[in-house]
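Coordinate inspection notes
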Amino acid sequence: MPEIKGYHAHVYFGADTVETARAVCEEAARLFDVKMGRMHERNVGPHPRWSCQLGFGPEVLDQVLPWLMLNRQGLTIFTHPDTGEHLEDHRDRAVWMGELLELDLSIFD
């Protein structure tokens, strides 16, 4: 079984929800040991919408995941482990909050 080194939560947004997403991400980074990435106002990697990545360790998953569930403000959030097995982490091991979206997994070929 691969070791989970950490987690990434990708908060998806659009032009009309960018400020909501920024507020959610900034609050998560303020409350928890979470590293907030850039607010990408374009699709990046396998992600089908604009997004901001929240990175955190296994030791805070039990705090961060419930907080995101209750405070996502209607945004879609895609969370996956980081084991180094990128395809499997994104395709098979993910947790979705909100709308289920199709990722572009071809980047992992």
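Refer to the structure above for everything that follows.
The following refers to the structure shown. Note that the coordinates shown come from a computational prediction; the quantities given were computed from them, not determined experimentally.

Grouped together as the largest cluster of nonpolar side chains are 23 residues, with contacts concentrated most on Val 11, Phe 13, Leu 54, Phe 56, Val 64 and Leu 68. Secondary structure elements with two or more residues in this core: strand E1 (6–13), helix H1 (18–31), strand E2 (34–40), strand E3 (50–56) and helix H2 (61–71). Broken down by element, this core gets its largest block of residues, 5 residues, from H1. Not counting chain neighbours up to four residues away, the residues in contact with Leu 68 comprise Ala 9, Val 24, Leu 54, Ile 77 and Met 97.

Attention now goes to H1. Think of an α-helix as 3.6 residues a turn; residues three or four steps apart then line up on the same face. For H1, spanning 14 residues, the distance from its first C-alpha to its last is 20 Å, which sits close to the expected 20 Å at 1.5 Å a residue. Buried within H1 are the following residues: Val 18, Ala 21, Val 24, Cys 25 and Ala 28. The buried residues of H1 all sit within an arc of 130° when viewed along its axis, so they share a single face. In H1, the exposed positions angled more than 90 degrees off the buried face are occupied by Glu 19 and Arg 30.

Of note in this structure, Gln 73 is not a glycine but carries a positive phi near 55°. Of note, Gln 73 is situated in the loop between H2 and strand E4 (77–82). Judged by relative accessible area, Gln 73 falls into the exposed class, the value being 58%.

Rules and cut-offs
- Residues numbered from 1 in each chain as written.
- Predicted model: local features only at pLDDT ≥ 70, side-chain atom pairs only at ≥ 80, totals over all residues.
- Heavy atoms only, no water.
- Core = buried A, V, L, I, M, F, W, Y, C linked by side-chain atoms within 4.5 Å.
- Buried < 20%, exposed > 50% of the residue type's maximum accessible area, 1.4 Å probe, protein only.
- Helix = DSSP H or I, 4+ residues; strand = E, 2+ residues; numbered from the N terminus.
- Contact = heavy atoms within 4.5 Å.
- Expected span 1.5 Å × (residues − 1).
- Arc of directions from axis to C-beta.

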